[in-house]
Amino acid sequence: MTFEEYVSSRGPALIRLARLLTGDEHRAEDLTQDVLARAYVHWRRIARADRPDVYVRRMLVNANNSWWRRRASRELATADFAERPQRGDLGGETADRDAMWRLVLGLPERQRAVLVLRYYEDLDDATIAQILDCSPVTVRTHAMRALAHLRERCDLPTTNGSRP
């Protein structure tokens, strides 16, 4: 598979993954572009790998983590989004989804990455472990802790159907 074919087929999914990891559409596009530019330089080696998509996703997750570590790129988080167009009454379901997404964005990087890769990208624990360079047990631990935090903050039912 050529680099151009890969980007044509997987580009939108990579941008979606980056958007879910960063929580910002513009930052996601920049992050994806940076990662694909680096992948292009090494594409022959990446394409020879068993699963090039896992390799590029790992690059995306690592680039997102590195961006947050750099002191110069810190941004202030704000509760309201002034640049967002106002649409009137959003409705209960949309407001709940937005509130949940804000909680997901507040999770630690690894926990958020695990949830995004598992529930939005529909990847299994072994693949997520490859992307995050950890064990499948660590993936399950991050998922368990992230879901427990979200349940606690949203007062959601636990897995057995009862409330905490």
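Here the structure is a predicted model, which means the values were calculated and not measured.

## So, the overall build of the chain
So, step 1. If you tally the helices and strands in the chain, you get 8 helices and 0 strands.
So, step 2. Listed by position from the N terminus, the elements making up the chain come as α-α-α-α-α-α-α-α.
So, step 3. Buried residues in the chain amount to 34% of all 164 residues.
So, step 4. For the chain, long-range pairs separated by at least 24 residues make up 59% of all intrachain contacts whose partners lie at least 6 apart in sequence.

## Let's talk about helix α7 (residues 125-132)
So, step 1. The buried fraction of α7 is high, at 6 of 8 residues.
So, step 2. Those residues of α7 not exposed but buried are Asp 125, Thr 127, Ile 128, Ala 129, Ile 131 and Leu 132.
So, step 3. Put simply, Asp 124 is the residue that caps the front of α7, since its side-chain oxygen is 3.0 Å from the backbone nitrogen of Ala 126.
So, step 4. Immediately downstream of α7, the backbone of Asp 133 shows phi near 55°, a positive value.

## Structural notes on the pattern of salt bridges
So, step 1. Counted according to the given criterion, the structure contains 8 salt bridges.
So, step 2. When the shortest N-O distance is used, the salt bridge between Arg 57 and Asp 53 registers 3.3 Å. Highlighted residues: Arg 57 and Asp 53, both in helix α4 (residues 52-69), separated by 4 residues, approximately one helical turn.
So, step 3. Arg 57 sits in the buried class, given a relative accessible area of 6%.
So, step 4. Among the salt bridges present, the one from Arg 57 reaches Glu 121, with a minimum N-O distance of 3.1 Å. With a gap of 64 residues between them, Arg 57 in helix α4 and Glu 121 in the loop between α6 (109-120) and α7 connect regions that are remote in the sequence. The same class applies to Arg 57 as to Glu 121, namely buried.
So, step 5. When salt bridges with common partners are traced through the structure, they connect Arg 10, Arg 16, Asp 53, Arg 57 and Glu 121 into a single cluster.

## Some words on a negative patch on the surface
So, step 1. A cluster of acidic side chains, namely Asp 24, Glu 25, Glu 29, Asp 30 and Asp 34, defines a negative patch on the protein surface.
So, step 2. With respect to the helices, strands and loops of the structure, Asp 30 is situated in helix α2 (residues 25-41).
So, step 3. Take Asp 30: its relative accessible area is 42%, and that puts it in the partly exposed class.

Reading guide: rules and limits
Residues numbered from 1 in each chain as written. Predicted model: local features only at pLDDT ≥ 70, side-chain atom pairs only at ≥ 80, totals over all residues. Heavy atoms only, no water. Helix = DSSP H or I, 4+ residues; strand = E, 2+ residues; numbered from the N terminus. Buried < 20%, exposed > 50% of the residue type's maximum accessible area, 1.4 Å probe, protein only. Contact = heavy atoms within 4.5 Å. Polar contact = N/O pair within 3.5 Å; in protein donor to acceptor, adjacent residues only side chain to side chain. Salt bridge = Lys/Arg side-chain N within 4 Å of Asp/Glu carboxyl O. Patch = residues over 30% accessible without salt bridge, like charges linked within 9 Å, V, L, I, M, F, W, Y side chains within 5 Å. Areas by Shrake-Rupley, 256 points an atom, 1.4 Å probe, with all protein chains shown as cover. Lys, Arg positive; Asp, Glu negative; His and termini not counted. Charge placed at Lys NZ, Arg CZ, Asp CG, Glu CD.

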